[in-house]
Amino acid sequence: MTRPPGSQPRTQGAGRGRAEAGDLPSPSAAGTVPIPIAFSGVAWVEGPLLAVRGVEGVGWDEIARVRLPSGEIRAGLVLEVHRDVAVVEVLQGTGGIDPERASVAFEGRPFDIPVGEGWLGRVWNGMGEPLDGGPPMLSGERRAVAGAPLNPTERDVPSDPVFTGISVIDALMTLVRGQKLPVFSSAGLPHLELAAQIAAQANAGGESFKVVVAAMGLTNADAAAIVQALETRSSAGDLVLVLDTADDPVVQRILTPRVALTIAEHLAFEHQHHVLVVLADMTSYCEAVREVSAARGEIPGRRAYPGYLYSDLASIYERCGRLRGRPGSITQVPVLTMPGGDITHPVPDLTGYITEGQIVLSPERHAEGVYPPVDVLSSLSRLMRKGAGPGRTRGDHLPLAGQLVAALARARAAQELADLIGMEALTETDRQYLAFNDAFSRDLVNQLMDESRPLEDTLDRAWQVLSILPERELTMVPAKDIATYYLGDHLGREQHGPVSGAPQGSAPGQPATERDKGVPYG
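As a convention, each chain's residues are numbered from 1 in the sequence order in which they are written. Residues qualify for local features only when their pLDDT is at least 70, as the model is predicted, and side-chain atom pairs are given and counted only at 80 or more; totals for whole chains, interfaces and linings, by contrast, use all residues. As a rule here, side-chain values cover all heavy atoms of the structure and leave hydrogens and water aside.

1. Things to note about the overall build of the protein chain
1) Next: A run of H or I in DSSP becomes a helix once it reaches four residues, and a run of E becomes a strand once it reaches two; helices and strands are each numbered from the N terminus. Helices and strands together make up the secondary structure of the protein chain, namely 15 helices and 22 strands.
2) Next: Put simply, the protein chain has 522 residues, and 55% of those count as buried.
3) Next: Note that accessible areas follow from Shrake-Rupley with a 1.4 Å probe, and for residues the cover is restricted to the protein chains shown. Surface accessibility of the protein chain: about 21700 Å² in total, with carbon and sulfur atoms responsible for 51%. The classification of residues rests on relative accessible area computed with a 1.4 Å probe and restricted to protein chains. Under 20% of the type maximum is buried, over 50% is exposed, and intermediate values are partly exposed.

This is the structure:
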């Protein structure tokens, strides 16, 4: 624990009043814990904060227990210490606290939680307390929720894919174990549904895989929908749900992602699981940080967010990755909404600097009825080449993805030209690109919210859609892949209509050209 310069460990007689045994209980922790000392000098209460005068030997990030005259005890964290004044963030809020009659005790250790596999299959609040009616988490080992930075020299390069079962993500912006890949959304788009689908379906190709979901600032209706969507995976003992709703104290929202990541770190690096952490909505988290900063009277930065927002977000996003010599990994999918759809807003802007790519949801795709409404040309996974290709997904995956993105860019240019001069003035090739664009959204991207597609099915669909274009246009794909997977020139067939599947007579999920030639599939 960090202490102010020159401070000394407290003794039992320090402070204005010593708490009697059992007055201010706290969970047991590994090692010797100093006896809590109660101080009655509460100077002021404002927002989620209170200040205590006359303190001695109190450190930053230390657990505090606020005792009310009724006997109620609320937890808090020390945010700042200056001389003999400590500023405490009250996790359950300061409503009903009378400064004249309240007392505060400091426990001499940071906020921590028990760790282990007992979290799995349960629903908890942002402080690690059960919400499902079950018993509290009990364990002999505890970890501080602030976490410890991974040693950079021990980090391993993210590699191998995490399969989400969502075609557009698996095919074009593959999620890699150890990566942090955010979802940028706007109000009214189905980002929570997408987050729940990723959490419910994701897997590591048969290896041990767990999911931790931290949901922040949700309405009660959204929280109930998240619980229902994840019920199957939770009942299988593969998922931890840490839930913070909009009517919970704002300070709890700041703890929620840190509690979730502390659970994930132990599952990954001690129990050797591959762990996916889904954080939604990080904009709600940042607004909570801004509210607490304003209550502390700090000088605001961009859009009234504190100047340390970047480092605060980094302290969350960087708690992922792989450690050399250990089989586990932590992969993050933060979900955030862009106020007004502004990607230059501080939350998405700073997130983009820290993370390795982004999945951008589009209001235009959503208006067309496409789910998930991903804007492919604005999205990318910078580590995709570390997790896809021969030996990881399929040999044709990377060139196929490159060709699809290039074709989409050409289709967008053709559409802009059509809007300018009319469809009649387009070349036949431009019309084929427009037909490809329609089929791409309809037959590859669009899927049900509870539909999980195997990667083989996704890549086969990609080839079926790409086969709308003439072979001469496939300049980024090796000839051997064209010979194996290309389904033939669809020029003029069905007037560039939808590609509903493999040609008649082919086996399900297997290109006819490959089957007829006797080439081993995959």
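Next comes the rest of the account.
2. Describing the packing of helix α7 (residues 309-317) against helix α8 (residues 346-354)
Relative placement of two packed helices is described by the angle separating their axes and the distance separating the axes.
1) Next: Interaxial angles span 0 to 180 degrees and are taken between N-to-C directions of axes, which are lines fitted to C-alpha atoms, for helices over the stretch in contact. The N-to-C vectors of α7 and α8 enclose an angle of 50°; their axes lie 10 Å apart at closest approach. Taken together, the axis directions place α7 and α8 in an arrangement best described as oblique. Classified by chirality, the crossing of α8 by α7 is right-handed. Packed against α7, whose contacting residues are L309, Y310, L313, A314 and Y317, the element α8 presents L350, T351, Y353 and I354 at the interface.
2) Next: A per-class count over the contact of α7 with α8 returns 8 nonpolar, 1 polar and no charged. Here the word oblique covers every angle except those under 35 degrees (roughly parallel), over 145 (roughly antiparallel) and from 65 to 115 (roughly perpendicular). Definitions for this section: a left-handed crossing has its near helix turned counterclockwise from the far helix by less than a right angle. A right-handed crossing has that turn clockwise. What makes two residues a contact is simply this: any of their non-hydrogen atoms within 4.5 Å. When residues are grouped by polarity, Ala, Val, Leu, Ile, Met, Phe, Trp, Tyr, Cys and Pro land in nonpolar, Asp, Glu, Lys and Arg in charged, and all others, Gly among them, in polar.

3. As for the nonpolar core
1) Next: Counting residues in each nonpolar core, the largest one holds 72 residues, and the members touching the most others are V168, L172, L276, L404, F436 and F440.
2) Next: Ignoring any residue separated from it by four or fewer positions in sequence, one finds L276 in contact with L175, I198, A202, F209, K210, V211, V212, T331 and V333.
3) Next: By nonpolar core is meant a set of buried Ala, Val, Leu, Ile, Met, Phe, Trp, Tyr and Cys residues that side-chain atoms within 4.5 Å join together. Listed in part, the 58 residues of the second largest apolar core include L49, V242, A288 and L323.

4. Thoughts on the packing of aromatic side chains
1) Next: Planes of paired rings set the category: under 30 degrees apart is stacked, over 60 is edge-to-face and the rest tilted, where pairs are Phe, Tyr or Trp rings (Trp by its six-membered ring) whose centres lie within 6.5 Å. Counted according to the given criterion, the structure contains 4 aromatic pairs.
2) Next: Judged by centre distance (5.7 Å) and plane angle (55°), the rings of F39 and F106 are tilted. Placement of F39 in strand β2 (residues 37-39) and of F106 in strand β8 (residues 103-110) is noted, with a sequence separation of 67 residues between them.
3) Next: F39 gets classed as buried once you look at its relative accessible area, which sits at 1%.
4) Next: We call a charge positioned over a ring when the NZ of a Lys or the CZ of an Arg lies within 6 Å of the ring centre and within 35 degrees of the ring normal. Against the face of Y305 rests R290, its NZ or CZ located 4.3 Å from the ring centre.

5. Topic: the pattern of salt bridges
1) Next: For this document, the term salt bridge refers to a Lys or Arg side-chain nitrogen within 4 Å of an Asp or Glu carboxyl oxygen. Going through the model one piece at a time under the given rule, you end up with 34 salt bridges.
2) Next: K210 serves as the salt-bridge partner of D238, at 2.9 Å between the closest nitrogen and oxygen. Taken together, the residues span a long stretch of sequence, with D238 in the loop between α4 (231-235) and β17 (239-245) and K210 in strand β16 (residues 209-218) at a distance of 28 residues.
3) Next: Given a relative accessible area of 13%, K210 falls into the buried group.
4) Next: The closest approach of N and O atoms between R302 and D349, which form a salt bridge, is 3.1 Å. Separated by 47 residues along the polypeptide, R302 in the loop between α6 (282-295) and α7 and D349 in helix α8 bring together distant segments of the chain.
5) Next: The class of R302 is partly exposed, set by a relative accessible area of 43%.
6) Next: The class of D349 is partly exposed, set by a relative accessible area of 24%.

6. Considerations on the layout of surface pockets
Rolled over the atoms, a probe sized like a water molecule indicates the empty space that remains.
1) Next: Residues are called lining when one of their atoms sits within 4 Å of a cavity or pocket point, these points coming from a 1 Å grid over the protein atoms alone, where a cavity is a set in which a 1.4 Å probe fits but cannot get out and a pocket is an open set with protein on both sides within 12 Å along at least five of seven lines. Grid points are joined across faces, edges and corners, and a volume is the space filled by probe spheres set on the points. The calculated volume of the largest pocket comes to roughly 740 Å³.
2) Next: Lining the largest pocket are 30 residues, and of these D61, A146, R258, D312 and S315 lie nearest its centre.
3) Next: Of all elements in the fold, only β6 (73-82), α5 (250-269), α6 and α7 reach the threshold of two or more residues within the lining of the largest pocket.
4) Next: Examining the composition of the lining of the largest pocket, we find that 4 residues originate from one element, α5, more than from any other.
5) Next: Partitioning the lining of the largest pocket into residue classes produces 18 nonpolar, 3 polar and 9 charged.

7. Digging into the pairing of strand β20 (residues 329-337)
1) Next: The element β20 is extensively covered by neighbouring structure, given that 9 of its 9 residues are classed as buried.
2) Next: Going residue by residue along β20, you find S329, T331, V333, V335 and T337 tucked away on one face and I330, Q332, P334 and L336 tucked away on the opposite face as well.
3) Next: When DSSP finds at least two bridges between two strands, those strands are taken to pair. One ladder, built from 3 bridges, connects strand β15 (residues 183-185) with β20; its direction is parallel. From the neighbouring strand, V183 faces β20, where its bridge partner is V335.
4) Next: With 7 bridges connecting them, strand β18 (residues 274-280) and β20 associate as parallel partners. Residue pairing for β20: A280 is matched across the bridge by V335.
5) Next: Bridging between strand β19 (residues 321-323) and β20 involves 2 bridges; their strand directions are antiparallel. Directly across from R322, in β20, lies its bridge partner S329.
6) Next: Counting the residues that bridge the hairpin from β19 to β20 gives 5 residues, and of these G325 lies at a positive phi of roughly 90°.

8. Some remarks on the side chain of E62
1) Next: Position of E62 relative to the elements: it lies in strand β5 (residues 62-67).
2) Next: Polar contacts here mean pairs of N or O atoms no more than 3.5 Å apart (in protein, one a potential hydrogen donor and the other a potential acceptor; neighbouring residues in sequence count only if both atoms are side-chain atoms). Within polar-contact distance, the side chain of E62 engages the backbone nitrogen of E107 at 3.4 Å.

9. Focus: the pairing of strand β3 (residues 42-46)
1) Next: Across 4 bridges, β3 lies against strand β4 (residues 49-53) in antiparallel orientation. Across the sheet, the residue bridging to W44 is A51, located in β4.
2) Next: Connecting the antiparallel pair β3 and β4 is a turn made up of 2 residues, with G47 showing a positive phi of about 60°.

10. Some points on empty space enclosed by the protein
1) Next: In this structure the tally under the stated criterion is 2 cavities of 30 Å³ or more.
2) Next: As a volume, the largest cavity reaches approximately 50 Å³.
3) Next: What lines the largest cavity is L192, A195, A196, V213, A214, A215, L218, I226, L230, V278 and A280.
4) Next: Listing elements by their share of the lining of the largest cavity, those giving two or more residues are α2 (191-201), β16 and β18.
5) Next: Among the elements that make up the lining of the largest cavity, the one with the highest residue count is β16 (4 residues).
6) Next: The class makeup of the residues in the lining of the largest cavity is 11 nonpolar, no polar and no charged.

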